[in-house]
Amino acid sequence: MSKQRLTVLSVRQPWASLLLSGEDWCENRSWDTEHRGPLWIHASSKIDTEECERYGIDPEKLVTGAILGRVNLQDVIPIDELPERVLALAQDHDLDADVGPEFIVGEFCWIVTNPQVLSQPIEVKGKLNLWKHEADESQLTLQERFRSEEHTSELQSPCNLVC
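Residues numbered from 1 in each chain as written. Predicted model: local features only at pLDDT ≥ 70, side-chain atom pairs only at ≥ 80, totals over all residues. Heavy atoms only, no water.

Another aspect to go through is unusual backbone geometry. Residues Gln13 and Pro14 are joined by a peptide bond in cis, for which omega reads 10°. For Asn114, which is not glycine, the phi torsion reads 50° and is therefore positive. Inspection of the secondary structure assignment puts Asn114 in strand β5 (residues 108–123). For Asn114, a relative accessible area of 35% puts it in the partly exposed group. One non-glycine residue with positive phi stands out, namely Asn129, at about 60°. (Helix = DSSP H or I, 4+ residues; strand = E, 2+ residues; numbered from the N terminus. Buried < 20%, exposed > 50% of the residue type's maximum accessible area, 1.4 Å probe, protein only.)

Dropping the structure here:
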């Protein structure tokens, strides 16, 4: 069976689900990275229950301790540069300029696009920083990109899949 080496970032819930739903396109970090391209999102074992309440997400339904899907890391921007660049970023990458800024705190904003959810989460213990995971290609079946429920009854919201 063929293996694929994944670059993974562990993110607390509900942020992992919000990134994979496309509702959040800025992952806040205190550190920069040179990595660009596919970035697999792992839901860490910790849940921010206050943020779940803020966004109306039931923390009991959140999947943790698993790789949930993939985004594309487009850019990493120092937070002080973001206000002047947010509109261009939103236009260049088809992002909602009114949604992203509410999520922005920290020193660096990792701009992510093209969220895709795995058909079946890959249970694995997370790690700090970017980390590598060897996965069987059979585990890497992605669902189509999220579309709202009003546009299709066949696809589920990533939050429904992982929340």
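Enumeration according to the criterion identifies two aromatic pairs in this entry. Residues Trp15 and Tyr55 carry aromatic rings whose centres are separated by 5.9 Å and whose planes lie at 75° to one another, so their mutual orientation is edge-to-face. With Trp15 in helix α1 (residues 15–21) and Tyr55 in the loop between α2 (49–54) and β4 (66–78), this pair connects stretches of sequence that are 40 residues apart. Looking at Trp15, the relative accessible area reads 18%, which means it is buried. Judged by centre distance (4.8 Å) and plane angle (85°), the ring pair of Trp31 and Trp110 falls under edge-to-face. On the criterion of sequence distance, the pair formed by Trp31 in the loop between β2 (26–29) and β3 (37–47) and Trp110 in strand β5 is long-range, its members being 79 residues apart. (Phe/Tyr/Trp six-rings, centres within 6.5 Å; stacked < 30°, edge-to-face > 60°.)

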